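# Fold and geometry: a report
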Amino acid sequence: MKKIVFTGGGTAGHVTPNLAVMAELRKQGWEIEYIGSRDGIEKEIIDHEGIPFHHIASGKLRRYFDLNNAKDPFKVLLGIGQAYHLLRKIKPHIVFSKGGFVTVPVILACRLNGIPVICHESDLTPGLANKISLPFASRICVTFPETLKHIRSRKAVCTGLPIREQILQGQASRGLQMCDFHSNKPVLLMMGGSLGSKRINEALRATLETLLTQFQIIHICGKGNADPSLDGVPGYRQFEYVKDELPDLLACADLVISRAGSTSIFEFLALRKPMLLIPLSREASRGDQILNAESFRKMGYSKVLYEENLSPQTLVSAVSDLYEERVRIQEQMSGNPFGNGTQRIVELIEACRLPEA
Ligand SMILES: CC(=O)N[C@H]1[C@@H](OP(=O)(O)OP(=O)(O)OC[C@H]2O[C@@H](n3ccc(=O)[nH]c3=O)[C@H](O)[C@@H]2O)O[C@H](CO)[C@@H](O)[C@@H]1O
């Protein structure tokens with residue numbers, strides 16, 4: 001039996017693309033296990049899929065001063081040891097890594113065990129965990145064609161993002177019913193990445209009354225961010241994190257406001273949802289979302305509102321511009337060359353030389 005271990009985590013954007021590839025490999029008879037961190041979102045998502053999950057220690061590899069920076073290298077070493085023993089026990093033919101800090105010990109342990117690794121990078125420029133891991137990978141899959149210029153390796157190939165089939169199979173009628181919405185008023189969906197965005201939540205809530213005159217609103221606000229005082233407001237529904245219902249909610253949305261995490265925005269693109277992107281600022285991140293958003297804007301897939309310009313007024317005006325231009329944006333999206341990367345990645349996994357496990 002062909003056996004594969006998946007890794008990736010921290011936030012959902014480093015996990016949900018794995019689900020797409022796993023579903024396809026399962027159909028082809030592969031046995032699948034997962035290595036992640038104990039506290040990241042991956043445990044909950046992978047347990048939900050009924051796939052054996054193993055956790056290891058991992059360090060955060062921060063770029064800023066923090067007392068934990070002294071402890072984290074030891075956690076990475078511990079994680080390498082744990083991953084080494086797990087991999088010797090599981091004996092996978094190959095490991096697929098979707099990025100996030102937990103993947104670093106796994107990939108280094110693969111190197112020690114002689115197990116081939118395929119890495120996937122969703123963002124336009126590689127994250128730190130992937131930068132460390134890429135020299136050890138047999139193949140490097142990327143989502144944006146521009147990323148090939150940043151990686152400059154013959155092992156790199158632009159596969160696109162693997163997108164879960166369920167995301168593409170939502171039904172608008174079910175989404176409207178779930179929210180108690182009508183079909184004669186447009187639906188605006190706001191999602192601040194898998195963790196939610198306090199900044200965008202505040203701006204949206206500050207302008208709720210105005211936006212509700214034109215739209216019905218689905219607000220995916222992130223765990224712990226719901227505002228109970230808004231429960232029952234007509235035309236407004238808030239969710240903290242959505243699993244199986246997400247495809248139906250997306251299907252009924254006419255427009256999307258979102259952070260610019262690469263996994264989300266490629267899902268919206270596949271669904272042809274005109275989007276207003278509000279990328280995480282350079283102060284709060286390495287600036288990857290800004291590059292993702294700028295690339296989408298240049299392709300004509302999105303409008304961009306930078307966080308430093310975000311206010312209730314600019315939000316209303318940007319949403320209004322997006323609504324005006326929705327038809328043109330959707331036409332542009334019809335020519336989307338990216339599609340779903342799942343099949344291309346499955347082919348690479350199958351083609352990767354499989355040493356005897
Ligand atoms: C703060 C942070 O580190 N952000 C990074 C993280 O974002 P984050 O983890 O938020 O990732 P994305 O926004 O790209 O993807 C979120 C994923 O979670 C799913 N989802 C989201 C909400 C929900 O309620 N239910 C649900 O299933 C989405 O459909 C999508 O598949 O990883 C991305 C890489 O992929 C990066 O581009 C982001 O910069």
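Worth saying up front: this structure is predicted, and the values here are computed from it rather than measured. (Residues numbered from 1 in each chain as written. Predicted model: local features only at pLDDT ≥ 70, side-chain atom pairs only at ≥ 80, totals over all residues. Heavy atoms only, no water.)

## A look at the packing of aromatic side chains
Enumeration according to the criterion identifies eight aromatic pairs in this entry. Judged by centre distance (6.0 Å) and plane angle (65°), the ring pair of phenylalanine 144 and phenylalanine 296 falls under edge-to-face. Of this pair, phenylalanine 144 sits in the loop between strand 6 (139–142) and helix 6 (147–151) while phenylalanine 296 sits in helix 12 (residues 288–298); the two residues are 152 residues apart in sequence, bridging distant segments of the chain. Of the residues examined, phenylalanine 296 reaches a relative accessible area of 1% and is grouped as buried. Ring-pair connections join several aromatic residues into one group, and the members of that group are Phe144, Phe266, Phe296, Tyr301 and Phe338. (Phe/Tyr/Trp six-rings, centres within 6.5 Å; stacked < 30°, edge-to-face > 60°. Helix = DSSP H or I, 4+ residues; strand = E, 2+ residues; numbered from the N terminus. Buried < 20%, exposed > 50% of the residue type's maximum accessible area, 1.4 Å probe, protein only.)

## Things to note about helix 1 (residues 16–27)
Between its terminal C-alpha atoms helix 1 stretches 18 Å, which fits the 16 Å expected from twelve residues at 1.5 Å a residue. Among all positions in helix 1, only Thr16, Pro17, Asn18, Leu19, Ala20, Val21, Met22, Glu24 and Leu25 are buried. Here the buried face of helix 1 lies against strand 1 (3–7), strand 2 (31–36), helix 2 (42–48), strand 4 (94–97), helix 11 (262–270) and helix 15 (342–351). At the exit of helix 1 stands glycine 29, carrying a positive phi of roughly 85°. (Expected span 1.5 Å × (residues − 1). Contact = heavy atoms within 4.5 Å.)

## As for the packing of helix 3 (residues 72–90) against helix 4 (residues 103–113)
One can describe the packing of helix 3 onto helix 4 by two numbers: an axis separation of 8 Å at closest approach and a directional angle of 50°. It follows from the interaxial angle that helix 3 and helix 4 lie oblique. Of the two possible hands of crossing, helix 3 and helix 4 adopt the one that is right-handed. Facing Val76, Gly79, Ile80, Ala83, Tyr84, Leu87 and Arg88 of helix 3, the residues of helix 4 in contact are Pro105, Val106, Leu108, Ala109, Cys110, Leu112 and Asn113. Of the residues belonging to the contact of helix 3 with helix 4, the class tally is eleven nonpolar, two polar and one charged. (Axes fitted to C-alpha atoms, helices over the stretch in contact; angles between N-to-C directions. Parallel < 35°, antiparallel > 145°, perpendicular 65-115°, else oblique. Left-handed = near helix turned anticlockwise from the far one by under 90°. Nonpolar A, V, L, I, M, F, W, Y, C, P; charged D, E, K, R; others polar.)

## A word on the site of the ligand
In the vicinity of the ligand there are 23 residues, among which Thr11, Thr16, Asp123, Ser264 and Glu267 approach most closely. One of the backbone N or O atoms of serine 194 is found 2.8 Å from an oxygen atom in the ligand. Residue glutamine 289 places a side-chain N or O atom 3.0 Å away from an oxygen atom belonging to the ligand. When isolated, the ligand has an accessible area of 760 Å², and the protein chains bury 89% of it. When contributions to the shell around the ligand are tallied by element, the ones reaching two or more residues are helix 11 and helix 12. (Near = heavy atom within 4 Å. Polar contact = N/O pair within 3.5 Å; in protein donor to acceptor, adjacent residues only side chain to side chain. Areas by Shrake-Rupley, 256 points an atom, 1.4 Å probe, with all protein chains shown as cover.)

## Structural notes on the pairing of strand 8 (residues 187–191)
With respect to burial, strand 8 is a largely interior element, five of its five residues being buried. Alignment of strand 8 against strand 9 (residues 216–220), held across five bridges, turns out to be parallel. Each residue of the ladder has a partner; that of methionine 190, found in strand 9, is histidine 219. Pairing of strand 8 with strand 11 (residues 255–258), which is carried by four bridges, proceeds in the parallel orientation. (Pairing = 2+ DSSP bridges.)

## A few points about the UniProt feature "binding site: UDP-N-acetyl-alpha-D-glucosamine" (unreviewed entry) in the protein chain
As recorded in UniProt, the feature "binding site: UDP-N-acetyl-alpha-D-glucosamine" (unreviewed entry) lies at Thr11, Ala12, Gly13, Arg164, Ser194 and Gln289. In this structure, alanine 12 sits in the loop between strand 1 and helix 1. By the secondary structure assignment, glycine 13 is in the loop between strand 1 and helix 1. Contacts of glycine 13, omitting those with residues within four sequence positions, involve Lys98, Ser194 and Thr263. (UniProt positions renumbered as here; feature names shortened; annotations may be inferred.)

## Here's the deal with the environment of aspartate 123
Inspection of the secondary structure assignment puts aspartate 123 in the loop between strand 5 (117–121) and helix 5 (128–133). Separated by 19 residues in the primary sequence, aspartate 123 and valine 142 place their C-alpha atoms 7.9 Å from one another. If sequence neighbours within four positions are ignored, aspartate 123 has contacts with Phe144, Thr147, Ser262, Arg286, Asp288 and Asn292. A polar side-chain atom of aspartate 123 sits 3.5 Å from a polar atom in the side chain of arginine 286.

## Thoughts on the domain arrangement of the protein chain
By domain assignment, the protein chain separates into domain 1 (3–162 + 340–352) and domain 2 (169–333). Spacing between the C-alpha centres of domain 1 and domain 2 amounts to 28 Å. Between domain 1 and domain 2, roughly 1500 Å² of surface is buried when both sides are summed, and carbon and sulfur atoms account for 56% of that area. In this assembly, domain 1 and domain 2 are joined by three salt bridges. The shortest N-O distance in the salt bridge between lysine 243 and glutamate 44 comes to 2.9 Å. Where domain 1 packs against domain 2, one counts 13 residue pairs in polar contact (both at pLDDT 80 or more). Every element with two or more residues in the side of domain 1 that touches domain 2 is listed here: helix 1 and helix 2. (Domains from an automatic or database assignment. Buried area = accessible area lost by both parts, 1.4 Å probe. Salt bridge = Lys/Arg side-chain N within 4 Å of Asp/Glu carboxyl O.)

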